[in-house]
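# What the coordinates show
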Amino acid sequence: MWLASSRRRDEISRMAKHSPLSKLLCDLVSIPSINPSLDHDNLGCAEEPVTAFLEELSQKAGLRTNRQKVIPGRDNLIVCLSPMKKAKQRIFLAPHLDVVPASLDAFSPKISKGRLYGRGACDTKASVACFFQAMLDLSLSTNRPAQTEIVFVGLVDEEFSQSGSRAFARKGPMGNLAIVGEPTGLQVVTAHKGSLWLQLETHGKAAHGSTPEKGENAILEMHHALDILFNEYSVLLRSKNHPLLGSPTLSVGKILGGSQPNVVPNRCTVDLDRRTIPGEGIDTVITELKDLFQSLGKKAPKIKVSRRVPCPPLHTDSSMPYVQMLLNKARRRKTCGVPYFTDASPLSAGGTPSVVFGPGNIAQAHAENEWVDLNQVERAHSTILNFLKELP
Ligand SMILES: [Zn+2]
C-alpha cells in the first residue's frame, strides 16, 4: 500500500535531489506507519513496511540486521555496524518508527521553502533518516571506531505504550549510551518528566432528584476533592522544583458521574495525569495526596493507579563523557529538560544511560500540517556523524 506510484517516486527524487538524506526522509515519510493502537480509522498500516524498507537498505549496505519480536507483526529492527577491532562498548541510535494517525494524503511528502511536510516528518522520521544515514555514511568511511559497536534500533510503538523500548530494555543488549530520536530542536535532552495516571473515585447514596437531602451526592463530593487538588495541592506542586524540569503538574483528563438529572449520583470518577519529576514515584505521590486530605481534615477519595506500566522520569547524568561529547558536537553548552515522555525512560530504566536528540520542533509533532526544517535535518545528521567518528 505504501509503495508510491512511479510518477510520485519521480517527484520525490526531484524534490529531494539536494541530498541522499532528504531523499531517505522523503521515502520514509511516504511509507505510512500509523501506530495500530491509535489507528481508529483502520487504515491498517503499522511499522512493518518501514522496518522492511530499512532492513533491505541495511542488507544492501552489508550491515548485519536482526529483528526483535515485540507484538505479532511488529518487530524492533536492529542494525549493527561492527568496529574495526574487538568491540569493547556499544552506542545505540534509537528513534521510533511509528507515527500518529493522519489521512493517507499526509504521507505524500512535499518540500517547500526549506521545509519538508508530511505525517511523521518531524516526529520522528527526520531522526530516523539522520541516524540511519549517519550509520550508512560511517560504514563507508575508513574512519570507523576501533572498539565501539554502533547499533541502530528502530523501535515500534513509542506513540502508544513504548512496548518496543520496553522489550529492548528487558531483553538487551545494554549499551554505554542510547541517543533516542525525538524533535528536540537539536538540544541534548537529559531529563524529562514521568507520567502517572491516577483514578479518583467518590461514593455517595442514590436518591430521587426531588429529595436531594435524602441522598449523598458523589459528584459534589468529587467537586470538593477537585477543589483541594487545584488549590492546596497545586501550591504544594509548585513548591517542588527540578533544575531542568521545573515543577510537577496535574491535569484532569476525564470525569464520569451520574446517570440522569433526577437521580442523585452515587458514584463519580476522575482520571488524572500527574507528571512527575525525579524523586517522585507511585507510592510517594499517593501518600502525599492522602496526607494532604488528612492534614486538611477532609475525607480523601479512593485513589488508584489506572495505568500499571511504569513511566518514570528521565534524569541522565549530564557530566558523563559521551553526553559531553554529544553536547560538544551539537555546539551546545548545557543539556536541557522537556515535559513530554519518550523511549529514553524505559531504555534508561533498563540500564543504558539515555539522552534525547533530534531535528524539528515538538510544536510541529502530531500537528495537522506537520513539517521539519531540512537545514536542521542536515545539521542533526552531521552532529551524529561527527559524534560517531570520534568514538574510540
Ligand atoms: Zn516521537
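These figures come from a predicted structure and were not determined experimentally.

Our focus in this paragraph is the packing of aromatic side chains. Per the counting criterion, the structure on display carries 2 aromatic pairs. Taking the centre distance of 5.1 Å and the plane angle of 80 degrees together, the rings of Phe-92 and Phe-168 count as edge-to-face. Here Phe-92, found in strand β3 (residues 89-95), pairs with Phe-168, found in helix α5 (residues 163-171); they are 76 residues apart in sequence, far enough to count as distant. Exposure remark for Phe-168: the relative accessible area of 3% places this residue in the buried category. Geometry around Trp-371 places Arg-115 over its ring, the cationic atom sitting 3.6 Å from the centre. The ring of Trp-197 carries the charged tip of Arg-307 above its face, separated from the ring centre by 3.8 Å.

A few words now on the coordination of the zinc ion. Each pair of donors in an ideal octahedron of six around a metal sits at 90 or 180 degrees, and each pair in an ideal tetrahedron of four sits at 109.5 degrees. For the zinc ion, the protein coordination sphere consists of His-96 (NE2), Asp-123 (OD), Glu-182 (OE) and Glu-182 (OE), at 1.9 to 2.8 Å. The coordination sphere of the zinc ion comprises 4 donor atoms, whose angles at the metal cover 52 to 145 degrees; the geometry is irregular. Sequence spacing of the donors to the zinc ion: H-x26-D-x58-E. With Asp-123 in helix α4 (residues 121-140) and Glu-182 in the loop between β7 (177-181) and β8 (189-192), this residue pair connects regions lying 59 residues apart in the sequence. You can call Asp-123 buried: its relative accessible area is 4%.

What follows is about the pairing of strand β1 (residues 64-71). As judged from the 7 bridges shared by β1 and strand β2 (residues 74-81), these two strands associate in the antiparallel manner. From the neighbouring strand, Gln-68 faces β2, where its bridge partner is Asn-76. Hairpin connection, β1 to β2: the antiparallel pair is bridged by 2 residues, and Gly-73 has positive phi, about 80 degrees.

Before going further, it helps to spend a moment on the pairing of strand β9 (residues 194-203). In terms of burial, β9 is a largely internal element, 8 of the 10 residues being buried. As paired strands, β9 and strand β14 (residues 302-305) are joined by 4 bridges and run antiparallel to one another. Bridging across to β14, Leu-200 finds its partner in Ile-303.

A separate point is unusual backbone geometry. Each neighbour pair has its own omega, and for Asp-123 with Thr-124 the value is 0 degrees, a cis peptide bond. Structurally, Thr-124 can be placed in helix α4. Even without being glycine, Leu-186 reaches a positive phi, approximately 70 degrees. Within the secondary structure, Leu-186 is located in the loop between β7 and β8. Unusually for a residue other than glycine, His-366 sits at a positive phi of about 65 degrees.

Once that is clear, we can look at the sheet that holds strand β11 (residues 249-257). Ordered by their spatial adjacency, 4 strands build an open sheet running β11-β13-β9-β14, and the pairing between neighbours is antiparallel. In this open sheet, the two strands that pair with only one neighbour each are β11 and β14. Sheet twist, expressed as the average angle between the axes of neighbouring strands with direction ignored, equals 25 degrees. Against the sheet, helix α6 (residues 218-238) makes contact with β9, β11 and β13 (267-276), and its axis sits at roughly 15 degrees relative to β13, the strand it touches most.

Domain parsing of the protein yields domain 1 (6-192 + 313-389) and domain 2 (194-305). Taking only C-alpha atoms into account, the centre of domain 1 sits 38 Å from that of domain 2. Counting from both sides, the interface comprises 12 residues of domain 1 and, opposite them, 10 residues of domain 2. Buried area between domain 1 and domain 2, summed over both chains or domains, comes out near 660 Å², and the portion from carbon and sulfur atoms is 71%.

Moving on, we get to helix α2 (residues 20-29). Taking burial as the measure, the 10 residues of α2 include 8 buried ones, the bulk of the element. Along α2, the residues that are buried comprise Leu-21, Ser-22, Leu-24, Leu-25, Cys-26, Asp-27, Leu-28 and Val-29.

The subject of this paragraph is the side chain of Ser-165. With respect to the secondary-structure elements, Ser-165 resides in helix α5. When neighbours within four sequence positions are excluded, Ser-165 is seen to be in contact with Leu-155, Val-156, Asp-343, Pro-346 and Leu-347.

Applying the stated criterion across every chain yields a total of 18 salt bridges. Among the salt bridges present, the one from Lys-23 reaches Asp-27, with a minimum N-O distance of 2.7 Å. On the criterion of helical spacing, the pair formed by Lys-23 and Asp-27 is a turn pair, its members being 4 residues apart in helix α2. Classification of Lys-23 as partly exposed rests on a relative accessible area of 29%. The structure contains a network of salt bridges with shared partners spanning Glu-48, Glu-55, Arg-67 and Asp-75.

Rules used throughout
- Residues numbered from 1 in each chain as written.
- Predicted model: local features only at pLDDT ≥ 70, side-chain atom pairs only at ≥ 80, totals over all residues.
- Heavy atoms only, no water.
- Phe/Tyr/Trp six-rings, centres within 6.5 Å; stacked < 30°, edge-to-face > 60°.
- Helix = DSSP H or I, 4+ residues; strand = E, 2+ residues; numbered from the N terminus.
- Buried < 20%, exposed > 50% of the residue type's maximum accessible area, 1.4 Å probe, protein only.
- Lys NZ or Arg CZ within 6 Å of the ring centre and 35° of its normal.
- Donors = N, O, S within 2.8 Å, 3.2 Å for Na, K, Ca; no water.
- Tetrahedral: all angles 85-135°; square planar, octahedral: opposite > 155°, others 65-115°.
- Pairing = 2+ DSSP bridges.
- Axes fitted to C-alpha atoms, helices over the stretch in contact; angles between N-to-C directions.
- Contact = heavy atoms within 4.5 Å.
- Domains from an automatic or database assignment.
- Buried area = accessible area lost by both parts, 1.4 Å probe.
- Salt bridge = Lys/Arg side-chain N within 4 Å of Asp/Glu carboxyl O.

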